[in-house]
Amino acid sequence: MGSDQGASDMTDHAPALRRSRIAGLGSHVPPWVVKNDDLKQWMDTSDEWIRERTGIVERRWVERDAGVGGSDLALSASKKALADAGLEAKDIQMVVYATLSPDVHFPGSGVFLQRKLGVPVGAAILDIRQQCTGFIYGLSIADQFIKTGMYDRVLVVGAEVHSTGLDLSTTGRDVSVLFGDGAGAAVLVPAEDERRCLLSTHLHADGANAEDLWAEFPASRHHPHVPVAMTGALEGRQFPRMKGKQVFKHAVTRLPEAIFEAMARNGATLADLKMLIPHQANLRINEFVAKMMGIPEDKVWNNIQRFGNTTAASIPIALDECRSAGHIGPGDLVCLAAFGAGFTWGSALLRL
Ligand code: ACO
C-alpha cells in the first residue's frame with residue numbers, strides 16, 4: 001500500500017495548518033482483579049497456557065450485574081485527563097468515543113459520557129467503531145478538527161467493558177482469556193510549539209477478513225436483531241469469535257508497516273524513537289514485531305500482563321501509564337500503533 005494512502009499530515013502543497021497536541025491523559029480500570037487461575041471456575045484452562053501464549057497474568061473486570069458500562073469507566077478516565085490538562089468538562093467542544101462494547105445497542109456511548117461528565121449541551125459527540133485501532137482513529141479525527149480550526153478542545157476516549165459479553169465456557173476460552181475492561185482518555189488542544197505536537201496519523205483498513213474477528217449479534221441483518229432465545233439458539237454467535245492464527249499473521253505484518261510509515265513520513269528513524277506504545281493484543285505479537293524491527297525491549301511499553309486486551313482503551317491506558325511512570329516526557333518521540341478487528345490498523349507519531 002502506498003505510504004501516503006490513509007495518511008494525514010500537512011503536505012508541501014497545502015497551506016500550513018495549525019497542529020494539535022495531547023494536553024492531558026487519564027485512565028481507569030475497574031478494581032476486580034481476575035487472575036488466570038480464577039478463570040478455571042468457568043472453563044478448562046491454565047495459568048501456564050495463558051501466560052505462554054499471550055503474556056497475560058491478570059485482567060480487570062467490572063463487577064457482575066452492577067450495571068457498569070464503558071461510559072462509567074470512561075467517566076473516571078476523562079475526569080483525570082481533564083484535570084491533567086487543567087481544563088473542565090465545560091471546556092470540551094467535541095468528544096470522539098471509540099468502543100466495540102457500547103453501553104447499549106444505540107445511541108452511542110458518547111452521549112452517555114457527555115451527560116455524566118457535564119460536557120456542554122450542543123457539543124459534537126462522535127462514536128467510532130474501529131475496535132483495537134479506535135483510539136488512533138479517534139486521535140486522527142480530533143487532530144483534523146483542530147487543524148482546520150473548527151475546535152480547540154477535543155476529548156478522545158477509548159473504553160471497553162468486554163467481560164459481560166464473553167463466552168466463559170471452555171468453547172470460548174481461546175478468546176475469553178484475552179480480554180479485560182478499562183478506559184483511557186486524552187484531551188487534544190492546538191499546539192503552541194510546532195515541534196511538540198501530533199506529527200502525523202496513518203489510518204488503514206481491509207474488510208476482506210472482517211469475519212476473522214467479530215461478534216455477529218446484535219445484527220440488523222437478522223430479524224429480530226437480538227433473538228429472544230439468546231443462548232443456545234445462537235450457538236455462541238453473540239460472543240466474539242476469532243481465527244487466532246490469521247489475526248496473529250496479519251497483525252505482525254501490518255504493525256511494522258504502520259510504524260515504518262509514520263517514521264518515513266516524518267523523516268525519523270527507529271533510533272530517534274523514545275518509546276513504541278503498541279496496542280496490547282498479545283505480548284507475543286508485540287515481542288515478535290519488536291524483534292523483527294530491531295527495536296530494543298526497553299523501547300516498547302507493554303502492560304497486557306496486568307490488564308489483558310482492552311481493545312480501544314489499551315493504547316491510552318498504556319500511554320498514560322508510561323508517562324506517569326516517567327518513561328516518556330516532554331520532547332520525547334513516541335509512536336502509537338494498533339491492529340484490530342475489521343481488519344483495521346494504523347499509527348500515530350507524536351512529540352510530547
Ligand atoms: N486455555 C487452554 N487451552 C486453550 C485455550 C485456553 N484459554 N484456548 C485454546 N486452547 C487450546 C485449544 O483448544 C487447542 O487445543 P487442541 O490442540 O487440543 O485442539 C490448543 O490450545 C491450541 O489452540 P490454538 O487456537 O491453535 O492456539 P494458538 O497457539 O493459536 O494460540 C492464540 C491462540 C493465543 C489466541 C493465538 O492464536 C494468538 O496469539 N492469536 C493472535 C490473536 C490475538 O492475540 N488476538 C487478540 C485479540 S485481537 C486484537 O486485539 C487484534
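Provided above is the structure to which this section pertains.
Novice: So, the state of the cysteines: which residues are in play, and what are the values?
Specialist: Using the criterion set out here, one finds zero disulfides in the structure. Cysteine Cys335 remains unbridged, with the sulfur of Cys322 as its closest cysteine sulfur at 13 Å. For Cys335, a relative accessible area of 0% translates into the label buried.

Novice: Explain unusual backbone geometry to me, and be specific about the residues and the numbers.
Specialist: Following Phe106, the chain continues to Pro107 via a peptide bond in cis, the omega torsion being 0 degrees. The topology assignment puts Pro107 in the loop between β5 (94–98) and α3 (109–117). Residue Pro224 follows His223 across a cis peptide bond; omega there is -5 degrees. Mapping Pro224 onto the fold places it in the loop between β10 (213–214) and β11 (241–242). Non-glycine residue Asp65 carries a positive phi angle of around 55 degrees. Mapped onto the elements of the fold, Asp65 is located in the loop between β4 (58–61) and α2 (70–85).

Novice: Could you give an account of the sheet that holds strand β6 (residues 124–128), with specific residues and numbers?
Specialist: An order of β2-β8-β7-β5-β6 is seen for the five strands of this open sheet, with the pairing classed as mixed. Strands with a single pairing partner mark the edges of an open sheet, and in this sheet they are β2 (20–28) and β6. Taken over all neighbouring pairs, the strand axes of this sheet differ in orientation by 15 degrees on average, direction set aside. Both β5 and strand β7 (residues 154–160) contribute to a ladder of five bridges, which runs parallel. Looking at the pairing, Val95 lines up with Leu155 of β7. Where helix α4 (residues 134–147) meets the sheet, its contacts fall on β2, β5, β6, β7 and β8 (182–190), and the angle it forms with β7 comes to roughly 170 degrees.

Novice: Provide a residue-level description of the site of the ligand, including the pertinent values.
Specialist: In the vicinity of the ligand there are 22 residues, among which Thr45, Arg173, Lys245, Asn282 and Asn309 approach most closely. With respect to the ligand, the side chain of Asn282 contributes an N or O atom lying 2.6 Å from an oxygen atom. Here the ligand loses 73% of its free accessible area of 1000 Å² to cover by the protein chains. Sorting the residues of the shell around the ligand by element identifies α1 (47–54), α5 (173–176), α6 (244–265) and β13 (333–340) as the ones contributing at least two each. Top element by residues in the shell around the ligand is α6. It accounts for four residues. Taken together, the residues that form the shell around the ligand break down as 12 nonpolar, six polar and four charged.

Novice: Which residues make up the environment of Met275, and what values go with them?
Specialist: Position of Met275 among the secondary structure elements: in strand β12 (residues 275–278). Sequence separation between Met275 and Lys299 is 24 residues, and the spatial gap between their C-alpha atoms is 4.6 Å. Setting aside its immediate chain neighbours within four residues, Met275 contacts Asp298, Lys299, Val300, Trp301, Cys322, His327, Ile328, Leu333, Val334 and Cys335.

Novice: I'd love a proper account of the nonpolar core, names of residues and values included.
Specialist: Core analysis: the biggest nonpolar cluster contains 33 residues, and Val154, Leu188, Ile277, Ile328, Val334 and Leu336 have the highest contact counts within it. Looking at this core element by element, the count peaks at six residues for α4. The residues touching Ile277, leaving out its near neighbours within four places in the chain, are Trp301, Ile315, Ala318, Leu319, Cys322, Ile328, Val334, Cys335, Leu336 and Ala337. One finds Ile259, Ala262, Cys335 and Phe339 within the second-largest nonpolar core, a separate group that totals 31 residues.

Novice: Would you mind going over the packing of aromatic side chains in detail, with residue names and values included?
Specialist: Two aromatic rings are characterised by how far apart their centres lie and by the angle between their planes. Counted according to the given criterion, the structure contains six aromatic pairs. On the basis of an interplanar angle of 40 degrees and a centroid distance of 5.5 Å, the ring pair of Phe145 and Tyr151 is categorised as tilted. Assessed through its relative accessible area of 25%, Phe145 is described here as partly exposed.

Definitions and limits used
- Residues numbered from 1 in each chain as written.
- Predicted model: local features only at pLDDT ≥ 70, side-chain atom pairs only at ≥ 80, totals over all residues.
- Heavy atoms only, no water.
- Disulfide = S-S within 2.5 Å.
- Buried < 20%, exposed > 50% of the residue type's maximum accessible area, 1.4 Å probe, protein only.
- Helix = DSSP H or I, 4+ residues; strand = E, 2+ residues; numbered from the N terminus.
- Pairing = 2+ DSSP bridges.
- Axes fitted to C-alpha atoms, helices over the stretch in contact; angles between N-to-C directions.
- Contact = heavy atoms within 4.5 Å.
- Near = heavy atom within 4 Å.
- Polar contact = N/O pair within 3.5 Å; in protein donor to acceptor, adjacent residues only side chain to side chain.
- Areas by Shrake-Rupley, 256 points an atom, 1.4 Å probe, with all protein chains shown as cover.
- Nonpolar A, V, L, I, M, F, W, Y, C, P; charged D, E, K, R; others polar.
- Core = buried A, V, L, I, M, F, W, Y, C linked by side-chain atoms within 4.5 Å.
- Phe/Tyr/Trp six-rings, centres within 6.5 Å; stacked < 30°, edge-to-face > 60°.

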